Each structure stands twice: as structure tokens, then as C-alpha cells.
Amino acid sequence: MKVKYWLLLKKSWMDLKKNLIIFLPLVFIIIFTILFLSILAAELISFTAFGFTFDNIRDNLINFIAAAAAVALIDLILLLLIISIIGAMDMGLLKAVTTKKNAIVQDMWDGARKFTGIYFRINFVKMLIVVVPLLVLGVLALLGALINEVLGIVLS
């Protein structure tokens with residue numbers, strides 16, 4: 001059996017033209033990116049408002065590290081949630097296109113409702129697989145630096 005790839009490509013292109021709603025999550029990606037960047041800008045402004053400038057970070061190092069760690073943890077969870085919502089929206093639309101050959105906006109919202117929790121757990125586990133070993137190595141390098149400066153440099 002001979003496959004006519006040109007006809008298959010033409011059919012795929014026509015199906016894509018019928019379902020341009022597939023690109024709707026890109027709009028939400030742009031909106032969420034702008035919102036997340038504005039939150040980051042507000043955090044930087046609030047750090048300077050609370051007196052953390054580049055000149056006096058060394059004086060309040062413990063307070064700065066605690067505040068930065070709390071803000072970074074909140075930002076990381078918020079970013080994981082945004083990524084999960086967008087992925088779930090995509091999954092809902094793609095599921096509707098593959099099963100019904102047509103998608104509507106309600107399919108996107110249904111996908112976000114059904115799959116956000118699953119995506120969040122998967123992304124959280126992937127983040128833990130990367131972050132936990134890095135934190136352990138960082139703590140080891142810090143402990144080595146507290147014991148001896150050369151040992152800290154070697155470990156880092």
C-alpha cells in the first residue's frame with residue numbers, strides 16, 4: 001500500500017484551518033506571562049521598599065535570604081500552577097479535536113477543570129526531581145564553606 005503524503009498533509013492542514021481554536025491557549029500564555037512578570041516587578045519594588053538594596057544586603061543577609069526564599073517558593077508554586085492550567089487547557093482541546101474532530105471553548109475549560117490537578121502533580125514531581133538534589137548539593141557546599149573556605153570552593 002502506497003501512502004500519499006501530500007494528501008495526508010493537505011487533510012491535516014484543512015483540519016487545522018477548521019479548528020483554529022487550538023491556538024487559544026497561546027492567548028492565555030501571553031496573558032499569564034504578562035501577569036507573572038508584573039507580579040515579579042511588584043516583588044522587586046516591594047523588596048526595595050522594605051529596605052533591601054544592593055548596598056545593604058550584606059547587613060541584613062539572614063532577613064534577605066528568608067524573604068527571598070519565601071517569595072521564590074510562592075513564585076515557583078504560582079508558576080507551576082500557571083503551567084499546569086495552560087497544559088490542561090491544551091489537553092482538553094486536543095482531546096476534543098481527536099475524539100470529536102471539532103473543538104469549542106467549553107472543551108478547553110473542561111480540560112482545565114479535569115486535568116489541572118494531574119498536570120500540577122506531574123510538574124511538581126518533575127520540579128522536585130531537579131530541585132531537591134540541587135538543594136542538597138548547595139547545603140553540602142555551604143557546610144563545606146563553613147568548615148573550611150577551600151573545602152567549600154571544592155565542593156561547589
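Everything that follows concerns the structure shown earlier in this document.
Attention here is on the structure that accompanies the text. Predicted, not measured: the structure shown is a model, and the values here were computed from it.

Below, the discussion takes up the nonpolar core. Counting residues in each nonpolar core, the largest one holds 10 residues, listed as Ile21, Ile22, Phe28, Ile86, Met89, Leu93, Ala96, Ala103, Met108 and Ala112. Counting residues per element, the ones that place at least two in this core are helix H3 (61-100) and helix H4 (105-147). Those residues in contact with phenylalanine 28, other than ones at most four positions away along the chain, are Ile86, Met89, Met108 and Trp109.

All right, on to the pattern of salt bridges then. Counted according to the given criterion, the structure contains 2 salt bridges. The residue lysine 100 makes a salt bridge to aspartate 107 at a minimum N-O spacing of 3.2 Å. Residue lysine 100 is classed as partly exposed on the basis of its relative accessible area of 48%. Between aspartate 110 and arginine 113 there is a salt bridge, and its shortest N-O distance comes to 3.6 Å. Placement of the pair is aspartate 110 and arginine 113 together in helix H4, with a separation of 3 residues, close to one helical turn.

For the rest of this paragraph, the subject is the packing of helix H2 (residues 24-49) against H4. Two quantities define a packed helix pair, namely the angle between the axes and the distance from one axis to the other. At their nearest, the axes of H2 and H4 sit 11 Å apart, and the two run at 55 degrees to each other. With respect to their mutual orientation, H2 and H4 come out oblique. Across from Leu24, Pro25 and Phe28 in H2, the residues of H4 making contact are Val105, Met108 and Trp109. Residues that form the contact of H2 with H4 fall into these classes: 6 nonpolar, no polar and no charged.

On to the environment of isoleucine 82. Structurally, isoleucine 82 is set in helix H3. Considered as a pair, isoleucine 82 and phenylalanine 36 are 46 residues apart in the sequence and their alpha carbons are 9.0 Å apart. Look past the residues within four positions of isoleucine 82 in its chain and what remains in contact with it is Phe32 and Phe36.

Within the secondary structure, serine 12 is located in helix H1 (residues 5-18). C-alpha separation for the pair serine 12 and serine 38, spaced 26 residues apart in sequence, amounts to 38 Å.

What follows covers H2. For H2, with 26 residues, the first-to-last C-alpha span of 38 Å sits near the 38 Å given by 1.5 Å per residue. Taken together, the buried positions of H2 are occupied by Pro25, Phe28, Phe36, Glu43 and Phe47. In the core, the buried residues of H2 are packed alongside H3 and H4. Looking one or two residues past H2, glycine 51 carries a phi angle of roughly 95 degrees, positive in sign.

Take H3 next. Compared with an ideal rise of 1.5 Å per residue, which puts 40 residues at 58 Å, H3 spans 57 Å between its outermost C-alpha atoms and is within 8% of the ideal. Those residues of H3 that sit buried are Asp75, Leu80, Ile82, Ser84, Ile86, Gly87, Ala88, Met89, Gly92, Leu93 and Ala96. Just past H3, the residue lysine 101 takes up positive phi, approximately 65 degrees.

Our next topic: the packing of aromatic side chains. Under the definition given, this model contains 2 aromatic pairs. Between the aromatic rings of phenylalanine 28 and tryptophan 109, the centroid separation amounts to 5.4 Å while the plane-to-plane angle is 80 degrees, which identifies the pairing as edge-to-face. Taken together, the residues span a long stretch of sequence, with phenylalanine 28 in helix H2 and tryptophan 109 in helix H4 at a distance of 81 residues. Assessed through its relative accessible area of 18%, phenylalanine 28 is described here as buried. For tryptophan 109, a relative accessible area of 38% translates into the label partly exposed.

About the cut-offs
Residues numbered from 1 in each chain as written. Predicted model: local features only at pLDDT ≥ 70, side-chain atom pairs only at ≥ 80, totals over all residues. Heavy atoms only, no water. Core = buried A, V, L, I, M, F, W, Y, C linked by side-chain atoms within 4.5 Å. Buried < 20%, exposed > 50% of the residue type's maximum accessible area, 1.4 Å probe, protein only. Helix = DSSP H or I, 4+ residues; strand = E, 2+ residues; numbered from the N terminus. Contact = heavy atoms within 4.5 Å. Salt bridge = Lys/Arg side-chain N within 4 Å of Asp/Glu carboxyl O. Axes fitted to C-alpha atoms, helices over the stretch in contact; angles between N-to-C directions. Parallel < 35°, antiparallel > 145°, perpendicular 65-115°, else oblique. Nonpolar A, V, L, I, M, F, W, Y, C, P; charged D, E, K, R; others polar. Expected span 1.5 Å × (residues − 1). Phe/Tyr/Trp six-rings, centres within 6.5 Å; stacked < 30°, edge-to-face > 60°.

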